[in-house]
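Descriptive analysis of the structure
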Amino acid sequence: MSTVPLTQRQEATSRYTPRGPLGFGGASLGNMYAGIDDATARATLDAAWESGARHFDTAPVYGRGLGELRFGQALRQYPREEYEITTKVGRIIRAEFAPGGSAVDTQGPGGHETSLFVDSLPFRVDVDYGYDAAMRSVEDSMQRLGLGRLDIVYVHDLGSDHLGDAWEGHFDLAENGCFRALRELRDQGAIGAWGLGNNVLEPPVRALRRADPDVIQIAGRYSLLDQSALDELFPLCAERGVRVVLGGSYNSGLLAGGPFYDYRQPPADKVAARDRIVAVCERHGVDVRAAALQFGAAHPVVSTVVPGTKHPGMARQNAELLSAPVPAELWDDLRAEGLLRPDAPTPA
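Residues numbered from 1 in each chain as written. Predicted model: local features only at pLDDT ≥ 70, side-chain atom pairs only at ≥ 80, totals over all residues. Heavy atoms only, no water.

1. A word on the overall build of the protein chain
Inclusion rule: Secondary structure elements follow DSSP: runs of H or I no shorter than four residues count as helices, runs of E no shorter than two count as strands, and numbering proceeds from the N terminus. Computation of the radius of gyration draws on C-alpha atoms, with the globule rule given as 2.2 Å multiplied by the number of residues to the power 0.38. Think of it in three bands: residues with accessible area under 20% of the maximum for their type are buried, residues over 50% are exposed, and the middle band is partly exposed, with areas taken using a 1.4 Å probe on protein chains only. Whether two residues touch is decided by their heavy atoms; if any such pair falls within 4.5 Å, the residues are in contact. For the accessible areas, the method is Shrake-Rupley and the probe is 1.4 Å, while residue cover comes only from the protein chains on display. Positive charge is attributed to Lys and Arg, negative charge to Asp and Glu, and no charge count is given to His or to the chain ends. Where a charge lies is defined by one atom per residue type: Lys uses NZ, Arg uses CZ, Asp uses CG and Glu uses CD.
In terms of helices and strands, the protein chain carries 12 helices and 13 strands. On C-alpha atoms alone, the protein chain measures out to a radius of gyration of 19 Å, which is about the 20 Å that the 2.2 N^0.38 rule sets for 348 residues. Considered along the principal axes of its C-alpha atoms, the protein chain spans approximately 55 × 40 × 40 Å. For the protein chain, buried positions account for 57% of its 348 residues. Sequence-distant contacts in the protein chain: of pairs separated by 6 or more residues, those separated by 24 or more amount to 78%. Accessible surface computed for the protein chain: about 13100 Å², of which carbon and sulfur atoms make up 50%. The protein chain carries 35 positive and 46 negative side-chain charges, and their two centres are separated by 1 Å.

2. Comments concerning helix α2 (residues 66–75)
With eight of 10 residues buried, α2 is to be regarded as a mostly interior element. Looking at the buried positions of α2, the neighbouring elements they touch are β2 (23–25), α1 (38–50), β3 (55–57), β4 (84–89) and α3 (131–145).

3. Considerations on the pairing of β4
Inclusion rule: By the convention used here, strands pair only if DSSP detects at least 2 bridges between them. Looking down the strands as they point away from you, a crossover is right-handed if its path from the first strand over the helix to the second goes clockwise.
β4 sits mainly inside the fold: six of its six residues count as buried. Of the two faces of β4, the one carrying Glu 84, Thr 86 and Lys 88 and the one carrying Ile 85, Thr 87 and Val 89 are both buried. For β3 and β4, the ladder comprises three bridges, and the chain directions are parallel. Within β4, the position partnered with Asp 57 by the bridge is Thr 86. On the question of chirality, the crossover connecting β3 to the parallel β4 by way of α2 is right-handed. In terms of strand pairing, β4 meets strand β8 (residues 150–156) through four bridges, oriented parallel. Paired with Val 89 across the bridge in β8 is Val 155.

4. Notes on the pattern of salt bridges
Selection criterion: Salt bridge, as used here: a side-chain nitrogen of Lys or Arg that lies within 4 Å of a carboxyl oxygen of Asp or Glu.
For the structure on display, the rule yields 30 salt bridges. Linking Arg 80 and Asp 151 is a salt bridge whose minimum nitrogen-to-oxygen distance equals 2.9 Å. Here Asp 151 lies in strand β8 and Arg 80 lies in the loop between α2 and β4, a separation of 71 residues in the sequence. Of the two residues, Arg 80 and Asp 151, both sit in the buried class. Between Glu 202 and Arg 206 there is a salt bridge, with the nearest N and O atoms lying 3.6 Å from each other.

5. Brief notes about the state of the cysteines
Going by this rule: When two cysteine sulfur atoms lie within 2.5 Å, the pair is treated as a disulfide.
Throughout the structure, instances matching the rule amount to zero disulfides. Cys 237 forms no disulfide, and the closest cysteine sulfur to it belongs to Cys 178, at a distance of 18 Å.

6. Some details on the packing of aromatic side chains
For any pair of aromatic rings, the description rests on two quantities: the centre-to-centre distance and the angle between the ring planes. Rules: In this analysis, rings of Phe, Tyr and Trp, with Trp reduced to its six-membered ring, are considered paired at centre separations within 6.5 Å, and the interplanar angle assigns stacked below 30 degrees, edge-to-face beyond 60, and tilted for intermediate values. The rule for a charge over a ring is simple: NZ of Lys or CZ of Arg within 6 Å of the ring centre, and within 35 degrees of the ring normal.
Throughout the structure, instances matching the rule amount to 14 aromatic pairs. Taken together, a centroid distance of 6.2 Å and an interplanar angle of 10° make the contact between Trp 49 and Phe 56 stacked. Taking the relative accessible area as the measure of exposure, Phe 56 reaches 0% and is therefore buried. Between the aromatic rings of Phe 295 and Trp 331, the centroid separation amounts to 6.4 Å while the plane-to-plane angle is 35°, which identifies the pairing as tilted. On the criterion of sequence distance, the pair formed by Phe 295 in helix α10 (residues 288–297) and Trp 331 in helix α12 (residues 328–336) is long-range, its members being 36 residues apart. With respect to class, Phe 295 is no different from Trp 331; both count as buried. Taken together, the ring pairs in this structure connect Phe 24, Trp 49, Phe 56, Phe 71, Tyr 78 and Tyr 83 into an aromatic cluster. One residue, Arg 80, lies across the ring of Tyr 83, its end atom 4.8 Å from the ring centre. In this arrangement the basic side chain of Arg 206 is found over the ring face of Phe 171, its NZ or CZ atom lying 5.5 Å from the centre.

7. Some thoughts on the side chain of Arg 243
We apply this condition: N or O atoms within 3.5 Å of each other form a polar contact, as long as, within protein, one can give a hydrogen and the other can take it, and as long as residues adjacent in sequence are counted only when both atoms are side-chain atoms.
The topology assignment puts Arg 243 in strand β11 (residues 243–247). Among the polar contacts listed, one links the side chain of Arg 243 to the backbone oxygen of Pro 300, at a separation of 3.0 Å.

8. Some details on the environment of Ala 39
Residue position: Ala 39 is located in helix α1. Separated by 31 residues in sequence, Ala 39 and Arg 70 have C-alpha atoms that sit 9.5 Å apart.

9. Here we look at the packing of helix α9 (residues 268–283) against α12
What counts here: For helices, the fitted axis covers only the stretch in contact; all axes are lines through C-alpha atoms, and the angles between them, taken along N-to-C directions, range from 0 to 180 degrees. In these notes the angle categories are as follows: under 35 degrees is roughly parallel, over 145 is roughly antiparallel, 65 to 115 is roughly perpendicular, and the rest is oblique. Each helix crossing is assigned a hand: it is left-handed if the near helix lies turned anticlockwise from the far helix by less than a right angle, otherwise right-handed if that turn is clockwise. Polar here means any residue outside two lists: the nonpolar Ala, Val, Leu, Ile, Met, Phe, Trp, Tyr, Cys and Pro, and the charged Asp, Glu, Lys and Arg; Gly therefore counts as polar.
Close contact between α9 and α12 brings their axes to 10 Å; oriented N to C, the two are set at 150°. It follows that α9 is roughly antiparallel to α12 by the angle criterion. Crossing geometry of α9 relative to α12 is assigned as right-handed. Where α9 approaches α12, its residues Ile 277, Val 280, Cys 281 and Arg 283 are matched on the opposing element by Leu 330, Asp 333 and Leu 334. A breakdown of the residues in the contact of α9 with α12 according to their chemical character gives five nonpolar, no polar and two charged.

Note that all results are geometric; they support no functional claim without further evidence.
Below, the structure written as structure tokens:
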């Protein structure tokens, strides 16, 4: 059985080690699926801070700038040196309007992300992985956040799930475009590190082979329901000293009792697997969400897990779940039922 202590880290060989093990994922505060008011967003971020989170992740596309504005307003009250903020490039938020004042999106063939957000700001979203777009995007993000320095900037959703078959052409553009821009900004000290943020595996794997990202953020591909990051991504990260920020531990909510998997209606096999995982957890008196968070955090390349929520109580609960007791026998049973791969590390 493969086990590692939950606190095991490899900072000495890492390019950049994000703060962890608990972070906060910010898509929900861009009004994903349902809207909340600014006061609730502020209270949720305050609760995350009070619970120990010091790594905060957002992106321009979360509510077309709304998420970044909310993060900036909330975090401004805290000492800058005590937290880490990450955002993304790849889509430009433009103050342009369609006839009638409605927002326009120019997405790739697979693009659907802006439809996930309700009550967004009335701006236009353009896909652009070029050099100039990245420079403008970083400056715009700094202004929305009210910060003169960013800790990590990811190239966002440079993959087939959002761009369809055109993703490889966008990747070629990005290599001498936003990759180069972010390296320059890192070397100038305007950002601390750069990387890729994806829900699919091929783009970060390709980037690790052809470029020099400092950090990888991957969502949904290392969880109780999907351990495919073990095939290539995590071994490459370990080889190159690149740490991982892990999103999607609940697979868009399915593991937490929600109706979605990867932002869509879940396939039947994933629902069946979820039900079997829940049954094992219930036999051991463990909340499946605790098992989900702790499983992801246990891999040695993972520095930080970033569950997201739009409720202050859940922000506090995520911190409690990450440290809740989970018996070793639970992991043994998940393996015995074929729900965990034999090579997946589990908490000691």
